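Structure at a glance
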Amino acid sequence: MLKQSEQELLDRVESGLGIGGEWRVSTSGMTLDVQDPSSGEVIKSIADATVEDAMSALDAAVAAQEAWANTPTRERSDILRRAFNLLMQRKEDFALLMSMEMGKPIAEARSEVDYGGEFLRWFSEEAVRVRGDYRPNPQGTGMMVVSHLPVGPTYFITPWNFPLAMATRKIAPALAAGCTVVIKPAELTPLTTIFFVQLLAEAGVPAGVVNVVPTSKPGDQSSALLSDPRLRKLSFTGSTAVGVKLMAIAAQNVLRTSMELGGNAPFIVFEDADLERAIEGVMLAKFRNIGQACTAANRVIVHESVADEFVRRVSERVATMSIGRGAEEGNDIGALVNTKAVENIARLVEDAVEKGATIATGGEAIAGPGNFYKPTVIDRLNPRAAMMHEEIFGPVLGVIRFSTEDEAVQIANNTKYGLVSYVFTENIHRGHRMIAKLETGMMGLNTGAISNAAAPFGGLKQSGIGREGGFEGIHEFLATKYTLLPR
Ligand code: NAD
């Protein structure tokens, strides 16, 4: 049963599709149910967009594009800054809404509001700092002017695991660059994005500049939008499997894409690591968001000389974690997003044990209602265990032991993914070697948390293409134009 304050918050969230500054019902009249994963209770039903609705959203984005691109950058910057201020004022509302629809602990939801908000602040600052340049051509016959123009209407597809931050990380740079947006949030967690689009309107984002169309048929919607030549950019965050499909469709129109895909992060603890620091780091890198993060430590690679102590001390910490509904204060581990997630984790743990691993703590699902799995530590993973190659996406920490630096690097790089790595060593030279050797787009050296709006977030290999945040983020939404001015 929802509390009265929770119901009141849900009542403030629009249930329609946000198209051209209006909230509309679906042209099919169909709705989509959103559940609280800690109870299975339906907390709100919202409009389920058809392909026709999505095309109306693109019409609105296309109609708004020119005026938005011509809006002075200072004005766009001020709007983003107002959105940041409003979000900070409504931090508790956004945190609670996210916890309710997605299950994450409320304290982490508050951190996500801070993190997600930082993209609004950062890109409000970047909006007015896009530079071009002016260079003489080597022949001495003219000047070359290089400028950066908005790419045009964009389509965003976001995942359920960070419902706010994955939206702001795309919307803020797009608006800063002068692009209009159609966004499709994950069908499991659409409420936070809808509520955020409401906030953007209050902050002064004009009608049609940001449109939101949740749907239960993401494939149909995406194929239709990606095939429309008026669309100029796709930015996707989600699994590699879906990303690959979308890239194939986008290729038909040679559409610009940014891809933030899956991960399989190695977390290496060398024999010279500060063990206390490594344990703090792994608690964050593994259990944040109930393990449901692309940046989650997926393979904990520990030197054999410190592995016994590491596993013992981590297991003691993990065994005392409190489990319960994320929206209630004080829980460390909330519900996983759905029953499929619990089944997948159980399968991976069973497979690891069959292949010789031992369970140090946890290792089982918790009976419903709700989708809970005990926080777990597994030791002595076999390199062939499925969880060495697949995303666990849950509160399961698996340790594999190594004996030499080369072996650690080989294990770490033995994956098709390359998003982030974590390295714990007190040896600065070894740290530098790891920066060069580990095939990941990001690295935490003696830290388990790397996300920052000022940093270029993104992966190598099958973890993606492009960067979000940092100075790089706005350029995902800008096209470079060179003009020759002959003498
Ligand atoms: P998912 O790929 O199943 O879904 C992501 C989004 O794609 C959702 O909005 C979904 O509705 C949509 N989608 C699903 N099938 C589609 C299709 N055929 N066509 C178009 N859209 C489709 O992933 P998920 O389970 O929501 O999220 C978890 C995944 O996201 C993990 O692999 C995780 O690593 C990754 N992720 C990556 C980052 C990053 O920045 N690299 C961040 C968060 C999550």
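My aim in this report is to walk through the structure given alongside it, one point at a time.

Scoring rules and cut-offs
- Residues numbered from 1 in each chain as written.
- Predicted model: local features only at pLDDT ≥ 70, side-chain atom pairs only at ≥ 80, totals over all residues.
- Heavy atoms only, no water.
- Pairing = 2+ DSSP bridges.
- Helix = DSSP H or I, 4+ residues; strand = E, 2+ residues; numbered from the N terminus.
- Axes fitted to C-alpha atoms, helices over the stretch in contact; angles between N-to-C directions.
- Contact = heavy atoms within 4.5 Å.
- Expected span 1.5 Å × (residues − 1).
- Buried < 20%, exposed > 50% of the residue type's maximum accessible area, 1.4 Å probe, protein only.
- Parallel < 35°, antiparallel > 145°, perpendicular 65-115°, else oblique.
- Left-handed = near helix turned anticlockwise from the far one by under 90°.
- Phe/Tyr/Trp six-rings, centres within 6.5 Å; stacked < 30°, edge-to-face > 60°.
- Lys NZ or Arg CZ within 6 Å of the ring centre and 35° of its normal.

**Describing the sheet that holds strand β12 (residues 265-269)**
- The seven strands are arranged β14-β17-β18-β13-β12-β20-β21 in an open sheet whose pairing can be described as mixed. With one partner strand each, in any of the chains shown, β14 (358-361) and β21 (442-445) form the two edges of the open sheet. Averaged over all pairs of adjacent strands, the angle between strand axes in this sheet comes to 25°, irrespective of strand direction.
- Sheet topology places strand β20 (residues 420-424) next to β21; four bridges connect them, and they run parallel. Bridge pairing in β21 places valine 423 opposite leucine 445.
- Across the sheet, helix α10 (residues 275-287) lies against β12, β13 (297-303), β17 (376-379), β18 (396-402) and β20, angled at about 165° from β12, the strand it touches most.
- The sheet strands contacting helix α11 (residues 304-319) are β12, β13, β14, β17 and β18, and the helix crosses β13 at an angle near 135°.

**Looking at helix α4 (residues 91-102)**
- Spanning twelve residues, α4 covers 16 Å between terminal C-alpha atoms, matching the ideal 16 Å at 1.5 Å per step.
- Among the residues of α4, those classed as buried are Phe94, Ala95, Leu96, Leu97, Met98, Ser99, Met100, Glu101 and Met102.
- Where α4 is buried, its residues meet α1 (4-11), β3 (31-35), β4 (42-47), α3 (73-89), α5 (106-126) and α7 (191-203).
- Count one or two residues on from α4 and you reach glycine 103, which has phi positive near 100°.

**Brief notes about the packing of α4 against α5**
- It is at 8 Å that the axes of α4 and α5 come closest, and there the two elements cross at 125°. Taken together, the axes of α4 and α5 are oblique relative to one another. Taken as a pair, α4 and α5 cross one another with a handedness that is right-handed. Contact with α4, carried on its side by Lys91, Glu92, Phe94, Ala95, Leu96, Met98 and Ser99, involves Ile106, Ala109, Arg110, Glu112, Val113 and Asp114 of α5 and no other residues of that element.

**Regarding the packing of aromatic side chains**
- As enumerated under the stated definition, the model contains eight aromatic pairs in all.
- Judged by centre distance (5.6 Å) and plane angle (35°), the ring pair of phenylalanine 267 and tyrosine 422 falls under tilted. Taken together, the residues span a long stretch of sequence, with phenylalanine 267 in strand β12 and tyrosine 422 in strand β20 at a distance of 155 residues. Taken as a pair, phenylalanine 267 and tyrosine 422 share a single burial class, namely buried.
- Among the aromatic residues, those joined into a cluster by ring pairs are Phe267, Tyr422 and Phe424.
- The lysine or arginine in question, arginine 169, covers the ring of phenylalanine 457, its NZ or CZ lying 4.0 Å from the ring centre.
- Above the face of the phenylalanine 270 ring, arginine 430 is positioned so that its terminal group lies 4.3 Å from the ring centre.

**Section: the sheet that holds strand β24 (residues 478-486)**
- With antiparallel pairing, three strands are arranged side by side in an open sheet as β5-β6-β24. Every other strand in the sheet has two partners, leaving β5 (133-136) and β24 as the edge strands with one partner each. Each adjacent strand pair in this sheet contributes to an overall mean axis angle of 20°, direction not counted.
- Note: β5 against strand β6 (residues 142-150), four bridges, orientation antiparallel. Note on β6: the bridge partner recorded for arginine 135 is methionine 144.

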